[in-house]
Amino acid sequence: MNMLLTKSQIGLDGVPAAETVLSHVDGERGELIIAGEHVADLAGKSGFEGVTARLWNGGTGTTLSEANVRASLGAARERAFARLPDLLPATRGMSIVDGFRAAIAGLRGENGLEHEATIVGAFPVIAGALVQRAKGHDPIAPDANISHAADTLRMLRGLKVEPREVAALDAYFVTVCDHGMNASTFTTRVIASTQADLFAAVTGGYCALTGPLHGGAPEPVLEMLDAIGTRERIKPWVDDALARGERLMGFGHRVYRVRDPRADVLKVAIERLETDGADLPFAGEVEAYIRAALRRKNPDRPLETNVEFFTAILLDALAIPRQAFTPIFATARAAGWTAHAREQQRTGRLIRPSSSYVGVMPKS
Ligand code: ACO
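Residues numbered from 1 in each chain as written. Predicted model: local features only at pLDDT ≥ 70, side-chain atom pairs only at ≥ 80, totals over all residues. Heavy atoms only, no water.

## Some remarks on helix α7 (residues 148-157)
Phase 1: For α7, a buried count of 9 out of 10 residues is recorded, marking the element as mostly surrounded by other parts of the structure.
Phase 2: Within the sequence span of α7, burial applies to His-148, Ala-149, Ala-150, Asp-151, Thr-152, Leu-153, Arg-154, Met-155 and Leu-156.
Phase 3: On its buried face, α7 sits against α3 (48-60), α4 (66-87), α6 (116-134), α8 (163-176) and α16 (325-347).
Phase 4: The positive-phi residue at the C-terminal boundary of α7 is Gly-158, with phi of around 125 degrees. (Buried < 20%, exposed > 50% of the residue type's maximum accessible area, 1.4 Å probe, protein only. Helix = DSSP H or I, 4+ residues; strand = E, 2+ residues; numbered from the N terminus. Contact = heavy atoms within 4.5 Å.)

## So, a nonpolar patch on the surface
Phase 1: Taken together, Tyr-357, Val-360 and Met-361 make up a surface patch of nonpolar side chains, about 330 Å² in accessible area.
Phase 2: Examined against the element boundaries, Val-360 turns out to sit in the segment after α16.
Phase 3: Using a relative accessible area of 70% as the deciding quantity, one classes Val-360 as exposed. (Patch = residues over 30% accessible without salt bridge, like charges linked within 9 Å, V, L, I, M, F, W, Y side chains within 5 Å. Areas by Shrake-Rupley, 256 points an atom, 1.4 Å probe, with all protein chains shown as cover. Salt bridge = Lys/Arg side-chain N within 4 Å of Asp/Glu carboxyl O.)

## Regarding the packing of helix α11 (residues 218-228) against helix α15 (residues 307-317)
Phase 1: Interhelical geometry of α11 versus α15 gives an angle of 80 degrees and a closest axis separation of 8 Å. Taken together, the axes of α11 and α15 are roughly perpendicular relative to one another. Facing α11, whose interface residues are Pro-218, Val-221, Leu-222, Met-224 and Leu-225, α15 presents Glu-308, Phe-309, Thr-311, Ala-312, Ile-313 and Asp-316.
Phase 2: Considered class by class, the residues forming the contact of α11 with α15 number 8 nonpolar, 1 polar and 2 charged. (Axes fitted to C-alpha atoms, helices over the stretch in contact; angles between N-to-C directions. Parallel < 35°, antiparallel > 145°, perpendicular 65-115°, else oblique. Nonpolar A, V, L, I, M, F, W, Y, C, P; charged D, E, K, R; others polar.)

## So, the pairing of strand β1 (residues 23-26)
Phase 1: Pairing geometry for β1 and strand β2 (residues 31-34), over 4 bridges, is antiparallel. Paired with His-24 across the two strands is Ile-33, which belongs to β2.
Phase 2: Linkage of β1 to β2, two consecutive antiparallel strands, is achieved through a turn of 4 residues, within which Gly-30 is found at a positive phi near 70 degrees. (Pairing = 2+ DSSP bridges.)

## Thoughts on the pattern of salt bridges
Phase 1: Scanning the entire structure with this criterion turns up 22 salt bridges.
Phase 2: Between Arg-29 and Glu-31 there is a salt bridge; the shortest N-O distance is 3.3 Å.
Phase 3: Given the relative accessible area of 57%, Arg-29 is considered exposed.
Phase 4: A salt bridge links Arg-322 to Asp-226; the shortest N-O distance between them is 2.9 Å. Separated by 96 residues along the polypeptide, Arg-322 in the loop between α15 and α16 and Asp-226 in helix α11 bring together distant segments of the chain.
Phase 5: Each of Asp-26, Arg-29 and Glu-31 takes part in salt bridges that share partners, so that together they form one network.

## Considerations on the site of the ligand
Phase 1: As a matter of local geometry, the ligand sits amid 24 residues, with His-214, Leu-248, Gly-250, Phe-251 and Arg-254 nearest to it.
Phase 2: The separation between an oxygen atom of the ligand and a polar side-chain atom of Lys-7 is 3.0 Å.
Phase 3: In this structure, Pro-212 approaches the ligand through a main-chain N or O atom, which is 3.3 Å from a nitrogen atom.
Phase 4: Taken together, the elements giving at least two residues each to the shell around the ligand come down to α14 (280-297) and α15.
Phase 5: A breakdown of the residues in the shell around the ligand according to their chemical character gives 11 nonpolar, 6 polar and 7 charged. (Near = heavy atom within 4 Å. Polar contact = N/O pair within 3.5 Å; in protein donor to acceptor, adjacent residues only side chain to side chain.)

## Some remarks on the packing of α3 against α4
Phase 1: Orientation of α3 relative to α4, taken along the N-to-C sense of each, is 105 degrees, at an axis distance of 8 Å. Classified by the interaxial angle, the pair formed by α3 and α4 is roughly perpendicular. Within the contact between the two elements, α3 uses Phe-48, Glu-49, Gly-50, Thr-52, Ala-53 and Trp-56 and α4 uses Glu-66, Val-69, Arg-70, Ser-72 and Leu-73.
Phase 2: Of the residues belonging to the contact of α3 with α4, the class tally is 5 nonpolar, 3 polar and 3 charged.

## Focus: the domain arrangement of the chain
Phase 1: In terms of domain boundaries, the chain breaks down into domain 1 (23-212 + 323-347) and domain 2 (218-317).
Phase 2: Computed from C-alpha atoms alone, the centre-to-centre distance between domain 1 and domain 2 is 25 Å.
Phase 3: Taken together, the 26 residues of domain 1 in the interface contact 25 residues of domain 2.
Phase 4: Summing both sides of the interface, domain 1 and domain 2 together bury roughly 1,900 Å²; the carbon and sulfur share of this comes to 74%.
Phase 5: Ranking the residues of domain 1 by area buried against domain 2 places Arg-164, Tyr-172 and Phe-325 at the top, with a combined share of 30%.
Phase 6: The interface formed by domain 1 and domain 2 contains 0 salt bridges.
Phase 7: Counting across the domain 1 and domain 2 interface gives 4 residue pairs in polar contact (both at pLDDT 80 or more).
Phase 8: At the level of secondary structure, the elements contributing two or more residues to the side of domain 1 that touches domain 2 comprise β1, β2, α2 (39-45), α8 and α16.
Phase 9: Take the side of domain 1 that touches domain 2: its biggest share by element is 8 residues, from α8.
Phase 10: Partitioning the side of domain 1 that touches domain 2 into residue classes produces 14 nonpolar, 5 polar and 7 charged. (Domains from an automatic or database assignment. Buried area = accessible area lost by both parts, 1.4 Å probe.)

Below you can see the structure in the form of C-alpha cells.
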C-alpha cells in the first residue's frame, strides 16, 4: 500500500470535474470567459443582471432577459427583507462573516419552489442588515426599482450613493460572478450532485469561500497595506514577511500562471471611480515590489497579482467595511453558484472521488 500522491494530485490540479457552459479559465494565457465573453468585454457592456441572466440561462436552459432578472431580484430583495426577523436571530453575537453564514443557512424555498433569485436577492439584504447592526442601526429596506448593485450599496452604506460608485460595484459584481471550478463552486457542485437543494449547495459554497486562500483574502490584503503604511516600509515589511514564510494575500493563483485578468478589470474600475479613498500609486508600488520579491523567492513558480488585491482596494474605496468583503464577494458569486448547482443537477452525476489509503492495514 502506502502509495504517495503528488502535491498536484492532492490539490486536484487540472482535473476536470464537470462539463460546463458557464465559464472558462485559461491559466496560461490569463483569460477568463464568462458565458461566452471575455471578462473585460463583459464588464464594459453588461450589468450584473445581464450576466446573471446569461449564467442562469446556461445553467437551467431558460431564456430569461436582463429585465426578467432585474425584476425577480428586486422582488426577492423585498421578500428577504420581510424575512429578516426569522433569519437574524441565528446570527446574534457573531461577526459579519459568520453571521452571514448562519443567516443564509436559514433561507428556504418559497411556496414549495427553490428559486435562484431567492438566494441572490437575499444575499445583499442579509449583508446590509449585518453591517447596519454592527453600527447599531436598523436594517435599510431595499428598493426593488433600482439595480442590484445600487441597492446593495444603499443597504450597506446608507441612503446616498453616487452613480459612479454604483458603476464600480457593478463592474466588481460582473468581474467576480463566476470563475470556473474554483473551490467554492466545486463545493457547491459536489453538494448539488447529491441532489441536495440549492440552499444547501450555496451555503456550502459560501463556507468554502470564507478561507483566506480563496474569498477571505481581501480583508487581509487591506491589513497588509495598512501594516506597510509608507513607501519606505514596503521593502523591509515584504522581505520580513517572506523570510518568515508567510503567504502574501492577493498574490498567486492555482490556475493562472500570468496576471489574473480580473485584476486589470478592477484596476480600471477603481481609476474610473476617481476617488480620494484609494491610494492607487501606493498600492501599485506595493504590488510591483511584491511581484518582484515573489519572482526572486520562487523563480520557477509564477506568482502574480490575483483578483483579491484590487478587490480590497475597490471595496474599501466604496467605504464598504472590510469585515463585509467576503459576504459582498458571495453576493456576486451567488449568481455563478446557483447556475452551477442547477447545471450540476441537470447534467452531472454524483461527484464521488476516491482517496489513497496510507494508513495502517489490519493485521489479519
Ligand atoms: N505569497 C508567498 N508565497 C506564495 C504565495 C503567496 N501569495 N502563493 C504561493 N506561494 C508559494 C508557496 O508558499 C509555495 O512555496 P514553496 O514551494 O516554497 O512551498 C509556492 O509558492 C507554490 O505554491 P503552490 O502550492 O503551488 O500554490 P497553490 O496553488 O497551492 O496556492 C493560492 C494558490 C492558495 C492562491 C496561493 O497562491 C496563496 O495562498 N495566495 C495568497 C492568498 C490569496 O491571495 N488568495 C486569493 C486567491 S484568488 C481567489 O480565490 C478568489
